[in-house]
Amino acid sequence: MATREAPELESKLPRIPKGGFTRRSFLQGMGATAALVFWESVAGGGLRLLGARPAEAAELGEWIYSCCNQCGGQTGIQVHVIDGMVRFIAPSPHNPISIAAISDDFHREKVNGGRMCPKGNTGIRTLYDPDRLKAPMRRKGERGSGEWEAISWDEAIGYAAERLDAIRKQYGPEALVWFSEDHSFVNPQADFCQLFGTPNYLNHSNLCDVSRKRGFSTVMGDERPLPDLAHSDYVMLFGWNPLSAIKWCWLPRAMRQGRQGGGRLVVVDPVFTHTAAKADEWVPIRPGTDGALALAIGHVLVEHGLYNRKFVREWTVGFDEYAKYVRDKTPRWAEDVTSVPAATIERLAKEIAAARAPCIDAWSGPGHHTNATQGARAIAILPALLGAYDRPGTMIMPDRKGAKRRTLNVDKPKAARSDGLGTTFPFGHGSGIYVQAREAMITGKPYPVKAAVFVMQNWVMSVPGRAKNIEAIRNMEFVMAVDTMMSETADLADLVVPGSHYLERYDLTGNWVTFPSVTLRQPVVKSWIGGMPEYEFVFALGRKLELKDKDGKGFDMTYKQYLSDELKGGIGITLDELKALPGAVWIGGSTSYKKYAGMVTPPAGSTVDDATHVVKGPDGKAVGLSTGGFVIKGFNTPSRKIELVSKQLADKGYDALPAYTDPVDKPTSEYPLALVAWKQAEHTHTRTFNNPYLMEMKPDNPLWINTETAKNLGIADGDRIVVESPHAKAEGTARVTECIHPEVVGLHHGYGHWALGSVAKGKGMDDGQFMPGKADPISGQAVTKEIGVRVRRA
């Protein structure tokens with residue numbers, strides 16, 4: 001096989017045990033340092049060894065700051081490297097992602113060090129996984145046959161360029177569809193697609209939280225407000241499990257801080273999650289009915305006069321219409337829809353109205369349904385009624401600054417997007433509409449799609465409706481997968497390119513906290529497989545195809561220069577300057593509040609609407625509100641106020657009010673149980689299941705089924721069972737428990753692999769196979785938690 005810089009690296013590989021790292025071989029390989037693997041992070045940088053002199057630590061290799069990518073959270077880390085090998089990973093005390101979302105909390109708490117989750121702690125095992133792909137592989141036999149030939153990197157670049165160029169010439173550039181993860185080296189891939197001429201670039205966000213994004217943005221103008229859990233005295237979470245699906249490692253600490261300060265926590269979820277277990281109250285609910293519950297809470301707030309009249313009068317539009325709409329959305333009505341008792345709904349509404357700093361938020365639970373965006377709007381309106389936006393303890397609009405992507409001088413693609421973004425889905429997110437792109441791959445409509453590229457994305461297992469995913473890939477003339485593992489998606493490709501581990505590459509992370517912050521991911525070791533990072537492969541492929549814009553800009557630079565230019569254009573520093581900062585972290589300001597009330601200077605040529613007082617710039621977009629001779633910022637909506645009724649939705653044919661409709665694929669008499677899936681602290685999506693450390697913690701995903709439901713079906717704990725939906729049937733194991741709604745069954749997401757690696761293969765059940773594979777009609781969010789199933793003993 002061909003490698004880059006292989007001789008020096010190959011000399012080190014015997015230090016990796018033949019069977020890969022186990023906990024025992026890892027410690028044995030450390031030799032004399034094995035007793036020194038327990039550390040605490042300190043604010044001055046580096047780590048303090050527990051039970052050893054600090055001077056000894058300096059003699060044992062070096063510590064390098066970076067950030068994790070075992071999931072999308074990007075926790076700050078410091079990595080201990082000895083003789084070119086990673087020996088330990090610890091959280092960084094300089095990165096707010098691992099400490100706090102509020103700037104004052106960060107500066108106070110960083111002396112106590114950072115935190116990281118189990119996935120980050122096991123990153124070494126992922127780095128040195130013996131099942132990692134070690135050379136580009138070209139398919140020899142039929143797709144899925146497992147017949148491959150190893151080729152050189154130059155051959156892989158040439159082969160990919162040849163196939164893509166041929167398809168472009170025969171069908172047009174729009175015949176290429178490109179899917180990627182939503183954080184790592186995204187801009188080079190978007191650049192490649194733009195220069196190639198295809199409009200069809202999509203990324204993982206469509207599988208995550210775009211319905212939440214669109215729900216909140218159409219109400220209050222921000223796609224991702226952040227909850228100030230640490231300072232709230234009453235937190236209500238709809239379908240969010242931050243103590244297990246740990247998006248950011250500041251979440252558990254913030255939640256603990258809020259609870260220690262006397263805050264109350266209420267979790268609305270069909271499943272008794274890790275977060276529900278720590279809550280004051282678990283409110284089990286029928287899946288996909290969260291919007292109805294939010295409307296009924298809104299009814300109580302309005303009918304009992306418990307809303308913040310001053311805030312509603314000054315900062316919202318559409319209150320009278322909203323109040324009229326929720327007049328019949330009584331707790332009794334909602335009980336029939338949600339199964340939550342009417343008395344509980346009324347009590348919860350009155351409790352949260354009495355809170356000093358209420359924090360109401362939602363995530364993927366209600367977000368992965370066919371009624372997701374309107375449900376998110378109903379939830380996002382509740383903080384507006386309480387004046388609970390952008391003040392301490394509520395939902396904060398983050399002040400984010402970061403790198404700026406370069407502008408390319410190219411013509412707009414002649415073809416529209418194949419997934420309907422901007423046309424069929426005018427409120428879709430820029431990450432695209434996965435299930436609609438898949439339909440184009442299958443049907444050839446609106447035009448033939450003949451080539452698909454998947455980068456750091458196990459598309460087969462990630463997109464709901466697995467059988468359709470496989471059909472779509474088999475319909476392609478050329479498929480390229482870039483991955484560290486031979487995933488189920490890679491197994492169906494024509495060309496598989498080895499991906500990099502996050503400890504082997506560069507990236508920039510705009511930290512998801514409430515104040516401006518950027519972190520550098522940097523290589524801490526060379527690639528032991530002799531590989532190249534994904535961005536280098538994309539750059540090389542672009543050069544091979546001679547992709548340039550009208551000004552001659554293409555890929556004739558290093559990625560370090562590319563990132564440095566992005567930083568200069570965004571926050572005014574270079575890559576080297578970022579690297580030199582403590583922890584390789586830039587902090588650009590502090591958390592601020594009530595930003596909507598701040599004064600702004602409108603651009604020259606702006607005009608004022610006398611009726612609404614909205615100030616519009618020369619491009620016609622609203623930039624502020626005129627009041628008393630000044631212009632204030634307002635909220636980032638067309639009215640510059642929180643919109644309880646959305647004219648922009650109405651203009652595109654959607655309901656202007658947060659109208660409740662039942663989930664399209666709710667349970668039926670034939671398939672009477674709702675199937676949901678959720679994520680856990682031990683795993684990320686479908687990609688960490690070949691890590692034996694993590695699989696030791698969570699080796700399987702038995703189907704959760706309520707005790708009474710199981711009794712009625714004659715199912716006992718541990719029984720082998722058959723789960724069947726209209727789209728798939730599979731066997732699994734029952735976990736009989738009180739920790740799930742009686743009308744619901746559920747699985748931990750990500751299991752059921754038949755490829756990926758020797759550890760992952762054959763473990764558990766894939767939840768995505770049971771889904772029809774639909775999208776929320778407003779946001780285009782992929783629907784992953786909505787189907788009825790039937791369950792019986794095997």
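No experiment lies behind these values; they were computed from the predicted model shown.

Focus on the environment of proline 270
Inference 1: Tracing the chain through its elements places proline 270 in the loop between strand 12 (264–268) and helix 11 (274–277).
Inference 2: Residue classification places proline 270 among the buried residues on the basis of a relative accessible area of 13%.
Inference 3: Setting aside residues up to four positions removed in sequence, proline 270 forms contacts with Trp282, Ile285, Pro287, Ile740, His741 and Val744.

Here we look at the packing of helix 9 (residues 210–220) against helix 18 (residues 372–385)
Inference 1: For the pair helix 9 and helix 18, the least separation of the axes is 8 Å and the interaxial angle reads 50°. By the angle class used here, helix 9 and helix 18 are oblique. The handedness of the crossing between helix 9 and helix 18 is right-handed. When helix 9 is examined against helix 18, the residues Ser211, Arg212, Arg214, Gly215, Phe216, Thr218 and Val219 are found in contact with a partner set consisting of Ala372, Thr373, Ala376, Arg377, Ala380 and Ile381.
Inference 2: Each residue belonging to the contact of helix 9 with helix 18 can be placed in one class, and the counts come to six nonpolar, four polar and three charged.

Looking at the pattern of salt bridges
Inference 1: Scanning all chains against the criterion turns up 42 salt bridges.
Inference 2: Aspartate 411 is paired through a salt bridge with lysine 550; the nearest N and O atoms lie 2.5 Å apart. In this pair, aspartate 411 is assigned in the loop between strand 16 (395–396) and helix 19 (434–443) and lysine 550 in the loop between helix 22 (534–544) and helix 23 (559–570), connecting sequence segments 139 residues apart.
Inference 3: Aspartate 411 gets classed as exposed once you look at its relative accessible area, which sits at 56%.
Inference 4: Across the pair aspartate 556 and lysine 548 runs a salt bridge whose closest N-O atoms are separated by 2.4 Å.
Inference 5: By relative accessible area, lysine 548 is classed as partly exposed at 42%.
Inference 6: Each of Arg264, Glu281, Arg347 and Glu351 takes part in a single network of salt bridges with overlapping partners.

Details of the packing of aromatic side chains
Inference 1: In total, this model carries 31 aromatic pairs according to the counting rule given.
Inference 2: Ring plane angle 70° and centroid distance 4.9 Å describe the contact between tryptophan 678 and tryptophan 704, whose orientation is recorded as edge-to-face. Of the two residues, tryptophan 678 is situated in strand 28 (residues 673–678) and tryptophan 704 in strand 29 (residues 703–706); the sequence distance between them amounts to 26 residues. As far as the burial class goes, tryptophan 678 and tryptophan 704 line up, both buried.

A closer look at the sheet that holds strand 31 (residues 729–737)
Inference 1: Strand order in the closed barrel made by the six strands is 28-32-29-31-30-33, with mixed pairing throughout. Shown here is a sheet whose adjacent strand axes are inclined to one another by a mean of 45°, direction ignored.
Inference 2: For strand 30 (residues 720–724) and strand 33 (residues 788–793), the ladder comprises four bridges, and the chain directions are antiparallel. Bridging across to strand 33, isoleucine 721 finds its partner in arginine 793.

Quick word on the nonpolar core
Inference 1: Membership of the largest hydrophobic core comes to 88 residues, with the highest contact counts inside it found for Met236, Phe238, Ile297, Tyr322, Leu385 and Ile642.
Inference 2: The dominant element in this core, judged by the number of residues it contributes, is helix 12 (residues 290–303), at nine residues.
Inference 3: Counting 55 residues, the second largest nonpolar core, distinct from the first, contains Ala156, Val186, Phe478 and Leu495.

Observations regarding the pairing of strand 32 (residues 744–748)
Inference 1: Where burial is concerned, most of strand 32 is hidden: five out of the five residues are buried.
Inference 2: Residue alternation in strand 32 divides its side chains into two sets, Val744, Gly746 and His748 and Val745 and Leu747, and both sets are buried.
Inference 3: The sheet contact formed by strand 28 and strand 32 spans five bridges and is parallel. Counterpart to valine 676 in the pairing with strand 32 is glycine 746.

Observations regarding helix 19
Inference 1: The set of residues buried in helix 19 consists of Tyr434, Val435, Ala437, Arg438, Ala440 and Met441.
Inference 2: Residues of helix 19 that are buried in the fold lie against strand 8 (176–180), strand 9 (201–203), strand 17 (451–455), helix 20 (459–462) and helix 21 (466–474).
Inference 3: Glycine 444 sits one or two residues past helix 19 and shows a positive phi near 75°.

Topic: the side chain of asparagine 241
Inference 1: With respect to the secondary-structure elements, asparagine 241 resides in the loop between strand 11 (234–238) and helix 10 (250–260).
Inference 2: The contact partners of asparagine 241, leaving out residues within four places of it in the chain, are Thr273, His274, Thr275 and Lys679.

Notes on the confidence of the model for the protein chain
Inference 1: Per-chain confidence: the protein chain averages 91 in pLDDT, with 93% of residues scoring 70 or above.
Inference 2: Below pLDDT 50 for its whole length, residues 1–21 participates in 40 contacts with residues either more than four positions away or in separate chains.
Inference 3: The low-confidence segment residues 25–56 (pLDDT under 50) makes 52 contacts with residues lying over four places distant or belonging to another chain.

Re the packing of helix 12 against helix 15 (residues 331–338)
Inference 1: Between helix 12 and helix 15, whose axes approach to 9 Å, the crossing angle comes to 170°. One element, helix 12, and the other, helix 15, form an angle in the roughly antiparallel class. Contacts between helix 12 and helix 15 pair Ala292, Leu293, Leu295, Ala296, His299 and Val300 from the former with Pro331, Trp333, Ala334, Val337 and Thr338 from the latter.
Inference 2: For the contact of helix 12 with helix 15, the residue count by class is nine nonpolar, two polar and no charged.

Thoughts on the sheet that holds strand 3 (residues 62–67)
Inference 1: Ordered by their spatial adjacency, three strands build an open sheet running 3-4-5, and the pairing between neighbours is antiparallel. Edge positions in the open sheet fall to strand 3 and strand 5 (85–91), since each of these has one partner strand only. Strand-to-strand, the axes of this sheet are offset by a mean angle of 30°, without reference to chain direction.
Inference 2: Bridging between strand 3 and strand 4 (residues 76–82) involves six bridges; their strand directions are antiparallel. Bridged to cysteine 67 within strand 4 is glycine 76.

What counts, and at which threshold
- Residues numbered from 1 in each chain as written.
- Predicted model: local features only at pLDDT ≥ 70, side-chain atom pairs only at ≥ 80, totals over all residues.
- Heavy atoms only, no water.
- Helix = DSSP H or I, 4+ residues; strand = E, 2+ residues; numbered from the N terminus.
- Buried < 20%, exposed > 50% of the residue type's maximum accessible area, 1.4 Å probe, protein only.
- Contact = heavy atoms within 4.5 Å.
- Axes fitted to C-alpha atoms, helices over the stretch in contact; angles between N-to-C directions.
- Parallel < 35°, antiparallel > 145°, perpendicular 65-115°, else oblique.
- Left-handed = near helix turned anticlockwise from the far one by under 90°.
- Nonpolar A, V, L, I, M, F, W, Y, C, P; charged D, E, K, R; others polar.
- Salt bridge = Lys/Arg side-chain N within 4 Å of Asp/Glu carboxyl O.
- Phe/Tyr/Trp six-rings, centres within 6.5 Å; stacked < 30°, edge-to-face > 60°.
- Pairing = 2+ DSSP bridges.
- Core = buried A, V, L, I, M, F, W, Y, C linked by side-chain atoms within 4.5 Å.
- pLDDT = per-residue confidence, 0-100.

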